[in-house]
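Listed here are the chains, written in short residue letters.
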Amino acid sequence: MVEEVKLFRTWSSPYALRIVWALKLKGIEYETIFEDISNKSPLLLRYNPVHKKVPVLLHRGKSISESLVILEYIEDTWKQAPLLPESPYEIARAHFWAKFSDSKLMPAIWHVFLTQGKQQEEAIPPAIEILKIIEEELKGKKYFGGQTIGLADIAFGWMANLLYVLEEITGLKLMNTQNFPSLSAWINNFSDVPAIKENWPPHEKLVTKFQAIREKYLAAGATK
Amino acid sequence: MDKQSEVVVFGTWASPYCTRVTLALKLKGIPYQYVEEDLTNKSELLIQYNPVHKKVPVLVHEGKPIAESLVILEYIDEFWNNCPKLLPEDPYERAKVRFWANFYDQKIAPATLSLIKCKGKERERAIADCEELMKVFEEGLERDYQGKSPFFEGENISYLGIVVGSGSCNYQAFNEAVAVTFDAEKHAAFVSWVEDLKAHPLMKEMLPPHDKLVAKIRHKFSLSPEPQA
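Residues numbered from 1 in each chain as written. Chains lettered and ligands numbered in written order. Predicted model: local features only at pLDDT ≥ 70, side-chain atom pairs only at ≥ 80, totals over all residues. Heavy atoms only, no water.

Caption draft 1: Summary view of the overall build of chain B. Along chain B, the regular secondary structure elements total ten helices and six strands. Over its C-alpha atoms chain B spans a radius of gyration of 18 Å, differing by no more than 12% from the 17 Å that the globule rule assigns to 229 residues. Along the first, second and third principal axes, the C-alpha atoms of chain B reach 55 × 45 × 30 Å. The proportion of buried residues among the 229 residues of chain B is 52%. Partitioning the contacts of chain B with sequence separation of at least 6, the portion at a separation of at least 24 is 71%. The centroid of the 28 positive side-chain charges in chain B is displaced by 4 Å from the centroid of its 34 negative side-chain charges. (Helix = DSSP H or I, 4+ residues; strand = E, 2+ residues; numbered from the N terminus. Rg over C-alpha atoms; globule rule 2.2 N^0.38 Å. Buried < 20%, exposed > 50% of the residue type's maximum accessible area, 1.4 Å probe, protein only. Contact = heavy atoms within 4.5 Å. Lys, Arg positive; Asp, Glu negative; His and termini not counted. Charge placed at Lys NZ, Arg CZ, Asp CG, Glu CD.)

Structure, rendered in structure tokens:
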């Protein structure tokens, strides 16, 4: 029986990219369905009625949503190239850091990115504090899990391509190789993994896209 | 029992996130030591064990700390993989419980917190938001569990029972402290699942006492004991 795997995504969604990376790392064949977020397909709405978002994974006719939940599903279903370590304690650490990416780092970075002037100035120190926590965690490690790329790395992967994009757009430098040597090294290590490298959205296209997002947010804020 | 295999839980009695952990340990019959934290004066040990968030609950096992309640639940299930299991075996069923646990933590819990802090017109809007989210939650759970309670796995409390019940079973204390009434008829299924859960001996044992919790919520959020005008 051919087990069909389909992935609903957009080319730029960092959440959807996580799933692409996981599927590629495990060598799983899948079909991509690109969504237009301004005009969501009936299929997407059917398969993710609660959040109506990408990514959605379709496997054996069943849909799974929420990127971290999908990553765990992939890990539970396909045992090759494990993304989680063996020991329960190390698994817990991977879960902890994956969660940290979404609950702490992403909001902090977004807050810097989607503001300007005084608001932005005030948003910068908390973001740097969070980056320092990650720097500390990565000391002496190639990846979050140690020597091999894993779930936590995939969760943080958006940082490896978006951080530079956001810095370019805002003209701000949140991290540099001097103050964040481990984090900078991790970005290089992560980006160099072939499955990641081959599935990297084009830099210029990302800059254009996120520039537009920033402008839209700032304009909306100004009219309040 | 040798020191290193000891299980220690750092928590606060009123926190549903902490109740999740102690419920899970009790369910699996794992002995543990409990340390009650004063969040206004956090112990050095807590900060040492959870330097990133400095929060409860923290589980320390074999000298190693694990933080974040859902991470702790999965650790407990992974390490003590005896029956009863907390999470289902099937990958798709596991995805479903993780999805709804996240929905509860990322949508329902924050909306409930917002409600406590609002007054006047904002409060009306916050109540409407909570109602809307509860509707999505209930309908989604009904769909995914074919109308059966998602909070039980046979006779045992399920993963979702632990995650959701630890908070939702206190709904009467919450309603009283915050002086809000949700229309139970609008969420008849959810209310019946919660009531069944509350009647379970383990839940009865582990939930905080009603009056104590009402007083605690009022104190924490500086709410007056009189009903809102």
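Caption draft 2: Highlighting the state of the cysteines. Under the defined criterion, the tally for this structure stands at zero disulfides over all chains. Here B:Cys18 is not cross-linked by a disulfide; its sulfur's nearest cysteine counterpart is in B:Cys169, at 16 Å. (Disulfide = S-S within 2.5 Å.)

Caption draft 3: Inspection of unusual backbone geometry at higher detail. Cis geometry is adopted by the peptide bond preceding A:Pro55, which originates at A:Val54 and carries an omega value of 0°. Its location among the elements puts A:Pro55 in the loop between helix H2 (42-47) and strand E3 (56-59). Each neighbour pair has its own omega, and for B:Cys83 with B:Pro84 the value is -5°, a cis peptide bond. With phi around 55°, A:Lys52 is a residue other than glycine that occupies positive phi space. Residue position: A:Lys52 is located in the loop between H2 and E3. The phi torsion at A:Arg60 lies on the positive side, around 50°, for a residue other than glycine. When you line up the elements, A:Arg60 lands in the loop between E3 and strand E4 (62-65).

Caption draft 4: Up close: the confidence of the model for chain B. Overall, the prediction assigns chain B a mean pLDDT of 93, with 96% of residues at 70 or greater. Here the predicted complex carries an ipTM of 0.95, next to a pTM of 0.95. (pLDDT = per-residue confidence, 0-100.)

Caption draft 5: Here's a closer look at the packing of helix H4 (residues 88-113) of chain A against helix H5 (residues 117-138) of chain A. Residues and elements named next belong to chain A. At a minimum axis distance of 8 Å, the contact between H4 and H5 shows a crossing angle of 160°. Comparing their axes, H5 and H4 come out roughly antiparallel. When you trace H4 past H5, the crossing you get is left-handed. Where H4 approaches H5, its residues Arg 93, Trp 97, Phe 100, Lys 104, Leu 105, Ala 108, Ile 109, His 111 and Val 112 are matched on the opposing element by Gln 120, Ala 123, Ile 124, Ala 127, Ile 130, Leu 131, Ile 133, Ile 134 and Glu 137. A class-by-class count of the residues in the contact of H4 with H5 yields 13 nonpolar, two polar and three charged. (Axes fitted to C-alpha atoms, helices over the stretch in contact; angles between N-to-C directions. Parallel < 35°, antiparallel > 145°, perpendicular 65-115°, else oblique. Left-handed = near helix turned anticlockwise from the far one by under 90°. Nonpolar A, V, L, I, M, F, W, Y, C, P; charged D, E, K, R; others polar.)

Caption draft 6: The arrangement of the nonpolar core in detail. Membership of the largest hydrophobic core comes to 78 residues, with the highest contact counts inside it found for A:Leu57 and A:Trp186. Core analysis: the next-biggest nonpolar cluster, separate from the first, contains 67 residues, B:Val7, B:Phe137, B:Trp193 and B:Met206 among them. (Core = buried A, V, L, I, M, F, W, Y, C linked by side-chain atoms within 4.5 Å.)

Caption draft 7: The sheet that holds strand E2 (residues 33-36) of chain B, seen in detail. Residue and element names in this part refer to chain B. Pairing in this open sheet of four strands is mixed, and the strands run E2-E1-E3-E4 from one edge to the other. The two strands at the open ends of the sheet, each matched to only one other strand, are E2 and strand E4 (64-67). Adjacent strand axes in the sheet meet at a mean angle of 20°, parallel and antiparallel pairs treated alike. (Pairing = 2+ DSSP bridges.)

Caption draft 8: How the structure looks around the interface of chain B and chain A. In this assembly, 26 residues from chain B lie in contact with 24 residues from chain A. By the criterion of area lost to chain A, the three top residues of chain B are B:Val52, B:Tyr92 and B:Phe99, representing 25% of everything that side buries. Where chain B meets chain A, there are three salt bridges. Counting across the interface, chain B meets chain A through three residue pairs in polar contact (both at pLDDT 80 or more). Of the residues contributing to the side of chain B that touches chain A, the split by class is 15 nonpolar, three polar and eight charged. (Buried area = accessible area lost by both parts, 1.4 Å probe. Salt bridge = Lys/Arg side-chain N within 4 Å of Asp/Glu carboxyl O. Polar contact = N/O pair within 3.5 Å; in protein donor to acceptor, adjacent residues only side chain to side chain.)

Caption draft 9: Examining the side chain of B:Lys96 more closely. Residues and elements named next belong to chain B. Here Lys 96 is to be found in helix H4 (residues 91-117). Using a relative accessible area of 9% as the deciding quantity, one classes Lys 96 as buried. Those residues in contact with Lys 96, other than ones at most four positions away along the chain, are Asp 144 and Tyr 145.

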